[in-house]
Structure formats: C-alpha cells, structure tokens
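# Survey of secondary and tertiary structure
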Amino acid sequence: MVDSLGAQLISLQDEEGTEYIWQRDSRFWASSAPVLFPVVGRVRGEQLQIEGKRYPMPRHGFARQSLFSASRQGEDTLLFRLCSSAETLQSYPFRFQLEVIFTLLCDGLAVRYRVVNEDEREMIFGIGAHPGINCPLVPEECFEDYELRFAQPESVLSPGFSEGEILYSQMHDFLHGSNTLRLDYDLFQSDAIILEGLKSREVALVGAKSGRGIRFSFPDYSTLAFWTPPGKGAPLLCLEPWYGMGARDDEPSEDLAGKHGMVHLQPGGEWEAEYSIHFLR
C-alpha cells in the first residue's frame, strides 16, 4: 500500500500477514518510508545555494510533502509521478520528473526511482529512500535481538553528528572488519550510522531468536545509512540508500554543485536506481 502524499510506502505484508513497514506511530516517528529529494538530510539554515542564489529547502527535500499522481503499470506495478511546478521552482530551479515505481516480488518488493531532466541545463540533485522496518517483527523479540548481516566483511567508518551536521572529522568504526552488527539503541544516540563505499550490495536485518527479518538489496546506491529515533526506544529501524547528503563539516559551502555524492544529470537525461526488500521467514 502506498500513499500518494509523498509516494510513501505505508504497508508491506507477507502471506502470513506479518507487517514489515513501520505504521507511522507519532509517539516515535510519524512517517513510514519518505522519498528524499532533491536533498538528503538537513542543509544549513534550510537554504540551498544554486548558481549563486539561495533557495529554501526543508530537511530531506520537498518530495516527501508533495502529492504524486498515481497510475497502474501492470498487475503488480504501481507508478507515482511528481513533476516540477511553479511551487517546486521556488525552491529548486530545475524542470524535472520524478517517478517512484513499486513492483511486487514473490518474496517482497522492489522500488525504483527514475529522474528525468526536463531542463536545458545540467540538473544536480540528491536522492534517497527512508523505509522504516518494524523491529522486532515478532512479539517474543526486542530491538536488541536483531543484527545487521552484510554480504561481506566491512571496514568502512561512519561520521559523527552535531545538531544535524555530519562530522567527517569524527569517524567511528562500528563494524571492525566484521560482517555483523548487533543492534543497540546506544549506537544511534547522536543520529544515523552512515556507511559509504561498502563492498556489500545487500544487508540482512535478522532476529537472532526467530530468524525472521528482511534482506535489503541496494545495488545502485553509493551510501547506506541506518537510523532509529534517538532516545525513544522505538521498535523500528530505517535502512536508507542515498546519493548525496546534507550539511557536512568538510563542506563549508551549501552550493549544490560542490556537494559530495550528488547526481549530475545532463539536459534530457534519465537516471534510475533501485532497492528491494525481501522477506526472511
């Protein structure tokens, strides 16, 4: 099930009726799977600089607060589209189409983003997904019973956070060359775990007692982040594949063209990336 407001996935169940997607409980987090576009994260002063001009830009961009048009593209596929408008041009001066395509799989769901540059100049954007997964998935488990299992051993470091700014001057080693990270709320005290340059293209979120969980595939993305609301003991974990990110301490300017990891799309060009969620039962 998908909400046209923000093209947000709000339900994904297996044949047994197990709900995998966080159900927007405002006590912890009022969203479920927002689309992050045209920026990921927070930019300083909520203003983005483009070609010398400043534009208002909310945290994670405006797509998550925009109404998408919806159409069915086959028995198992839904397409949601957002087009540039007079309103979007006030905060992001590029003409574009953003499509979010949901395709049911025999064991889960694939989500593909497609961006078309309808402008006459290079279009620069960040984009990301933010699906929240119920964690735990079964009543007899708790958050700390779950672990992340990467496809390969990993040694990449994660930056720190301070008041929403990403601190690449303060790097943390969560994996220590392992392929497994046991969940603990203390890992998320400051904010998200952000991992760039992973060798793995898949990670599993698995309950140690039940073996239930998901396998999360992100073949097209450069960055993967993990997040749960700090200090709330929330029964959810977000798995977030990204391109680009918000304010960083190694980027003194908020000029869009100079920001790390952004997508640069030529006039008339198309860009696509996909992630998928597979049930583990």
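This one's a predicted model, so the numbers in the text were calculated from it and none came from an experiment.

### Some words on unusual backbone geometry
With omega at 0°, the peptide bond leading from Phe 37 into Pro 38 counts as cis. Within the secondary structure layout, Pro 38 lies in the loop between strand 3 (35–36) and strand 4 (47–50). One non-glycine residue, Ala 7, lies in the positive phi region at around 50°. Checked against the element boundaries, Ala 7 lands in the loop between strand 1 (2–3) and strand 2 (8–9). Residue Ala 7 is classed as buried on the basis of its relative accessible area, which comes to 1%. Positive phi, close to 50°, is recorded for Glu 163, a residue that is not glycine. One can find Glu 163 in the loop between strand 14 (158–162) and strand 15 (165–172).

### What about the nonpolar core?
Ranked by size, the top nonpolar core spans 72 residues in total, and within it Phe 37, Tyr 92 and Phe 226 carry the most contacts. The element that contributes the greatest number of residues to this core is strand 23 (residues 270–280), accounting for five residues. Leaving out residues up to four positions away in the same chain, Phe 226 has contacts with Leu 148, Phe 150, Phe 188, Ala 192, Ile 193, Leu 195, Val 203, Leu 237, Cys 238 and Leu 239. Ile 166, Ala 225, Trp 227 and Ala 234 belong to the second-largest nonpolar core, a separate cluster that totals 17 residues.

### Description of the pairing of strand 21 (residues 236–243)
The buried count for strand 21 comes to eight of eight residues, which makes it a mostly enclosed element. Burial along strand 21 is two-sided: the face carrying Leu 236, Cys 238, Glu 240 and Trp 242 and the face carrying Leu 237, Leu 239, Pro 241 and Tyr 243 are both buried. Bridge count for strand 11 (residues 127–129) against strand 21 is two bridges, and the pairing is antiparallel. If you follow Gly 128 over to strand 21, its bridge partner there is Trp 242. Bridging between strand 20 (residues 223–227) and strand 21 involves five bridges; their strand directions are antiparallel. Within strand 21, the residue paired with Phe 226 across the bridge is Leu 239.

### A closer look at the sheet that holds strand 8 (residues 96–105)
Spatial ordering of the open sheet is given by 6-7-8-9-23-19-18-13-16, a layout of nine strands whose pairing is antiparallel. The open sheet has two edge strands with one neighbour each: strand 6 (69–72) and strand 16 (180–182). When strand polarity is set aside, the average angle formed by the axes of neighbouring strands in this sheet is 15°. Of the strand pairs in this sheet, strand 13 (residues 146–150) and strand 18 (residues 202–207) are connected by five bridges, and their pairing is antiparallel. The partner of Glu 147 across the bridge, within strand 18, is Val 206.

### Remarks on empty space enclosed by the protein
Summed over all chains, the structure comprises one cavity of 30 Å³ or more. As a volume, the largest cavity reaches approximately 40 Å³. Along its surface, the largest cavity is lined by Ala 7, Leu 9, Ala 33, Pro 34, Val 35, Val 100, Phe 102, Val 111, Tyr 113, Ala 129 and Tyr 275. Where the lining of the largest cavity is concerned, the elements lending two or more residues are strand 8 and strand 9 (108–117). For the lining of the largest cavity, a count of residues per class yields eleven nonpolar, no polar and no charged.

### A few points about the pairing of strand 7 (residues 77–83)
One ladder, built from four bridges, connects strand 6 with strand 7; its direction is antiparallel. From the neighbouring strand, Arg 72 faces strand 7, where its bridge partner is Leu 78. Counted along the chain from strand 6 to the antiparallel partner strand 7, the turn is four residues long, and its residue Gly 74 has a positive phi close to 120°. Pairing between strand 7 and strand 8: seven bridges, direction antiparallel. The partner of Leu 82 across the bridge, within strand 8, is Leu 98.

Each value, and the rule that gives it
- Along every chain, residues carry numbers that run from 1 in the direction the sequence is written.
- In keeping with the model being predicted, local features are shown solely for residues with a pLDDT of at least 70 and side-chain atom pairs are shown and tallied solely at 80 or more, while totals for entire chains, interfaces and linings include all residues.
- Side-chain measures here rest on the full set of heavy atoms in the structure, leaving out hydrogens and waters.
- Numbering goes from the N terminus for both helices and strands, where a helix is a DSSP run of H or I of at least four residues and a strand is a run of E of at least two.
- Think of it in three bands: residues with accessible area under 20% of the maximum for their type are buried, residues over 50% are exposed, and the middle band is partly exposed, with areas taken using a 1.4 Å probe on protein chains only.
- Residues grouped as a nonpolar core are buried Ala, Val, Leu, Ile, Met, Phe, Trp, Tyr and Cys residues, joined through side-chain atoms within 4.5 Å.
- What makes two residues a contact is simply this: any of their non-hydrogen atoms within 4.5 Å.
- Strand pairing is defined by DSSP finding a minimum of two bridges between the two strands.
- Lines are fitted to the C-alpha atoms to define the axes, a helix being fitted only along its stretch in contact, and any angle between axes, read from their N-to-C directions, falls within 0 to 180 degrees.
- Cavity means a closed set of points on a 1 Å grid over the protein atoms alone, one where a 1.4 Å probe fits but cannot get out, pocket means an open set with protein on both sides within 12 Å along at least 5 of 7 lines, and lining means a residue has an atom within 4 Å of a point.
- Grid points are joined across faces, edges and corners, and a volume is the space filled by probe spheres set on the points.
- Classification used: nonpolar for Ala, Val, Leu, Ile, Met, Phe, Trp, Tyr, Cys and Pro, charged for Asp, Glu, Lys and Arg, polar for all others including Gly.

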